[in-house]
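Structural description and commentary
Listed below are the residues making up each chain.
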Amino acid sequence: MKKIRVVLIAVLVLTVLSAFVACTGAPEQTTTPVDIASFFAKTKKTSEEVEYHVTAEGTIEIVAYTDSSSRTEVTIPDEIEGYPVTTIKNFSLFNTDTLQKIIIGKNVREIGDWALTNNKSMQEFVVSSENEYYTAEDGVLFTKDKKTLVCYPTAKNINVDRYGQTTDTTTYAVPEGTERIANRAFYRCGYLTQVTFPASLKEIGDMSFHRCEKMGNVAFPEGFERIGRDAFTYCYGLTDVTFPSTLKKIDAYAFSFCENVRRIRFLGEKNNVDLADKWQPTRDGQTIKDLVIE
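What you are looking at is a predicted structure, and each value in this text was computed from that prediction instead of being measured.

This part is about the nonpolar core. One finds Phe-186, Phe-209, Phe-232, Phe-243 and Phe-255 to be the most contacted residues of the largest nonpolar core, which totals 40 residues. Within the second largest apolar cluster, 26 residues are counted, among which are Ile-60, Ile-62, Ile-104 and Cys-151.

Right, dumping it as structure tokens:
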């Protein structure tokens, strides 16, 4: 009898609710099944050195690391929980004061543009020799074929005190065979005074040299084709820029706030170059009146 009563009450409640929905004109609702796999895939977990997600595909994404205020070295392992570590997500290992060394395991195949940037004390990258996608040369991170320079360690060859201060500067020659400098590869590398480009270089990505404030003039080789958005913003050391005849495109804001540039020369026909709006050097966001472009 009690069971019958419960059923009748349930029917009555459903009838009242149905009438209420009809009267209020509320939209019809449909039930969507919960995707349990996706839910657990984005549940953040923590190991000894890193924080991570287990994806629905059964791989690991690194999203942060532990002890970020004091740790000087982080190892991205080959596996966690038996799953391969394949991805270092954006903002996972960036903007630190103490991190000096990152060791990358054999299964990493994707690294976000913002994943490794602005580590003020960073000295070197080390990559497993078994990794099929990335390698390190003299502490600098490259794709395995060494055609793309992925990330330059901000404080390479720099002695930084415990307060993050130094008076040291350094120079760097991009190795021959490099064809592309990736987005943000030299982001805020403020200790660099000179960077030499190889004859093989064809492209510089977005924000590649953003705030390399001490870096002097650079020479673009013949065969070079493209400069990305914000590529040289706030590079105060630039004074004279010459583009090769092979240049095809300069993206927006490529030289914004390069306030000390006084002359720009195109060795090829300027009209054949795809020049985005506001590509040229500015001072405080305004046109530099005595800038000569020829």
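A separate point is the sheet that holds strand S12 (residues 148-151). With mixed pairing, the eight strands of this open sheet are ordered in space as S10-S11-S12-S14-S16-S17-S19-S21. Strand pairing shows two members of the sheet lacking a second neighbour, strand S10 (134-137) and strand S21 (274-275), which therefore form its edges. With two bridges connecting them, strand S16 (residues 203-204) and strand S17 (residues 226-227) associate as parallel partners. Its bridge partner being in S17, Ile-204 is matched across the sheet by Ile-227.

Turning our attention to the sheet that holds strand S20 (residues 263-266). Spatially, three strands are ordered S18-S20-S24 in an open sheet, and the strand pairing comes out parallel. In the strand order of this sheet, the two ends are held by strand S18 (240-243) and strand S24 (292-293), each with one partner. Where S18 lies against S20, four bridges are found, and the strand directions are parallel. Each bridged residue has a counterpart across the sheet, and for Val-241 the counterpart in S20 is Ile-264.

Moving on: unusual backbone geometry. Phi at Phe-91 takes a positive value of approximately 70 degrees, unusual for a residue other than glycine. Position of Phe-91 among the secondary structure elements: in the loop between strand S6 (83-88) and strand S7 (101-104). Relative accessible area serves as the criterion here: at 43%, Phe-91 is assigned to the partly exposed category.

Turning next to the environment of Arg-211. As for its position among the elements, Arg-211 is in the loop between S16 and S17. Along the backbone, Arg-211 and Gly-190 are 21 residues apart, and their C-alpha atoms lie at a distance of 6.7 Å. Residues contacting Arg-211, with those up to four places away along its chain left out, are Arg-188, Cys-189, Gly-190, Thr-233, Tyr-234 and Tyr-236.

Moving on, we come to the pattern of salt bridges. In this structure the tally under the stated criterion is 20 salt bridges. Note that Asp-97 is salt-bridged to Lys-120, the shortest N-O span being 3.6 Å. Taken together, the positions of Asp-97 in the loop between S6 and S7 and Lys-120 in the loop between strand S8 (110-111) and strand S9 (124-127) put the pair 23 residues apart, joining distant regions of the chain. Lys-120 gets classed as partly exposed once you look at its relative accessible area, which sits at 35%. Linking Arg-184 and Asp-113 is a salt bridge whose minimum nitrogen-to-oxygen distance equals 3.6 Å. One end of the pair, Arg-184, is in the loop between strand S14 (180-181) and strand S15 (192-196); the other, Asp-113, is in the loop between S8 and S9, with 71 residues separating them in the sequence. Its relative accessible area of 13% is what places Arg-184 among the buried residues. Put simply, Arg-180, Glu-203, Asp-206, Arg-226, Lys-249 and Asp-251 are held in one network by salt bridges that share partners.

The rules behind the values
Residues numbered from 1 in each chain as written. Predicted model: local features only at pLDDT ≥ 70, side-chain atom pairs only at ≥ 80, totals over all residues. Heavy atoms only, no water. Core = buried A, V, L, I, M, F, W, Y, C linked by side-chain atoms within 4.5 Å. Buried < 20%, exposed > 50% of the residue type's maximum accessible area, 1.4 Å probe, protein only. Pairing = 2+ DSSP bridges. Helix = DSSP H or I, 4+ residues; strand = E, 2+ residues; numbered from the N terminus. Contact = heavy atoms within 4.5 Å. Salt bridge = Lys/Arg side-chain N within 4 Å of Asp/Glu carboxyl O.

Spatial relationships are all this shows, so hold off on functional conclusions.
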